[in-house]
Amino acid sequence: MTETIVIMGGGVIGLSCAFELRSRGHEVTVLEINRCGGQASGAAAGMLAPYSENLEGPDEFFRLGVESLRLYPEWQSQVKRVSGMAFEYTPSGSLYIAYHEADRLALEGRLLWQKEFGSTGTLLEGDALFRIEPMLSRNVRAALHTPEECHLYAPEYVRALEQACRFIGVRIFDQLESLAIVEWQREIVVQSADQRAFGGDRLIVCSGAWAREHGDTFGIQIPVYPIRGQICAYETEDKPVRHMVFSNQGYLVGKENSTLVCGASEDVAGFDTSVTDKGIDRLRRWNKQAFPFLEHRPPFHRWAGLRPSTQDGLPLIGPLSGSNRVVLAVGHYRNGILLSPATAKLVADYVEEKRVPDYNRAFDPERFG
Ligand code: FAD
Ligand code: GLY
């Protein structure tokens, strides 16, 4: 049955849900108070790295990430085909580096459980490591090489998603300034600052770090908080860094356009998106430790974005029990770019009342009461 769906938020999550739902034949409207992709999604490093960014164990977040990585080759080529726009998608693989024996042992432990979840990783040392990443510091003791991991150029990906949505008939209204949810139980009515009303059968809330403000409307706790990520980029020649390189201090990823992106801080700073010297200096100290050729090179570009973090580290994805007209898809924290196809498919399955894998219960949006 065709439904009329209103999506609040035009970041990667809102646009991905719009693309999937419209592709399945639903009528879709995206409402964005600012500019699509203008917040966290446009600031991201674009890494699709569930193995390197989730270190604890195979929890539900990790499983959703692995599923999303599996969906990416087909998903990104569909976005490119429909939008007619190109964007970088590079199967670079990743290296998680360790400087000390204790950290090398931790990598060995991680590889053991990750192999059960699709990783074909190996632990590399000495010549074998420096052959594939020649500019890496010789102080690096070992690295976990995960060939499956990829990265894309996030700002272009989000622009292509927006274009793809428009081409298939998603109606997108941006610069709306503010939106009020007027009715959500019997039908959906959302009103913009200029008094326009947008109606539908379903509402998908994808408002990223701002989602908490909807808690009162729905009578539930939505503990989503902004965590600022400061990030910078260097200009390079000849792509000196071949893999995404992670450590417990940060990451570096070399882009097709010869910039080397290096992130990122995790600051509690409210909704402030300033970049500070302190934040960038910390990144620079780590960068030159991993890649000594960066020693005297200042970054040419610095920026920041607000990650939507949650109280328990898991996103909120699913319908409300009070009214399944409302589906939340927020709180993707450090992995919203990675999780965009899996979230879109999950949200569309909830809308169509299809069965979803059991582990998604962990993302129940009402688990905080
Ligand atoms: P956003 O992109 O913030 O979009 C939310 C949108 O909702 C915004 O456009 C906002 O204006 C709008 N909005 C807010 N309130 C309302 C309202 N009431 N009505 C309508 N619209 C509203 N993830 C990865 O997977 N890989 C990475 O390498 C990566 N690197 C990152 C690096 C940095 C520095 C940062 C900051 C984040 C990074 N992330 C990465 C995380 C990723 O960017 C986020 O998880 C993702 O962008 C969240 O997407 P979103 O659509 O939920 O939020
Ligand atoms: N996923 C990288 C970041 O959030 O900085």
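Calculation criteria
Residues numbered from 1 in each chain as written. Chains lettered and ligands numbered in written order. Predicted model: local features only at pLDDT ≥ 70, side-chain atom pairs only at ≥ 80, totals over all residues. Heavy atoms only, no water. Core = buried A, V, L, I, M, F, W, Y, C linked by side-chain atoms within 4.5 Å. Buried < 20%, exposed > 50% of the residue type's maximum accessible area, 1.4 Å probe, protein only. Helix = DSSP H or I, 4+ residues; strand = E, 2+ residues; numbered from the N terminus. Near = heavy atom within 4 Å. Polar contact = N/O pair within 3.5 Å; in protein donor to acceptor, adjacent residues only side chain to side chain. Areas by Shrake-Rupley, 256 points an atom, 1.4 Å probe, with all protein chains shown as cover. Nonpolar A, V, L, I, M, F, W, Y, C, P; charged D, E, K, R; others polar.

A. Just the nonpolar core, in detail. Counting residues in hydrophobic clusters, the biggest one holds 57 residues, and the most contacted among them are Ile7, Leu21, Leu48, Leu152, Tyr157 and Ile204. Those elements that place two or more of their residues in this core are β1 (4-8), α1 (12-23), β2 (27-31), α4 (60-83), β8 (150-152), α7 (154-167), β20 (326-330) and α10 (340-351). Here the element with the most residues in this core is α4; it accounts for nine residues. Membership of the second largest hydrophobic core comes to 23 residues, among which are Ile181, Trp184, Val205 and Ile220.

B. Structural context of the site of ligand 2. Every residue lining ligand 2 is accounted for by Met47, Glu53, Tyr251, Ala264, Arg307 and Arg334. Between ligand 2 and Glu53, the relevant distance is 2.7 Å, taken from a nitrogen atom to a side-chain nitrogen or oxygen of the residue. Between ligand 2 and Arg307 there is a distance of 2.7 Å, counted from an oxygen atom to a side-chain nitrogen or oxygen. For ligand 2, whose unbound accessible area comes to 200 Å², protein coverage reaches 88%.

C. Molecular detail of the site of ligand 1. Neighbouring ligand 1 are 38 residues; Glu32, Ser41, Met47, Tyr333 and Leu338 lie closest to it. Take Val12: an N or O atom from its main chain is 3.3 Å from an oxygen atom of ligand 1. In the model, an oxygen atom of ligand 1 is placed 3.2 Å from a nitrogen or oxygen of the Ala40 main chain. If ligand 1 stood free it would expose 1,000 Å²; the protein chains cover 99% of that surface. For the shell around ligand 1, the secondary structure elements donating two or more residues are α1, α2 (40-43), β14 (224-235) and β18 (301-310). The residue inventory of the shell around ligand 1, partitioned by class, reads 19 nonpolar, 14 polar and five charged.

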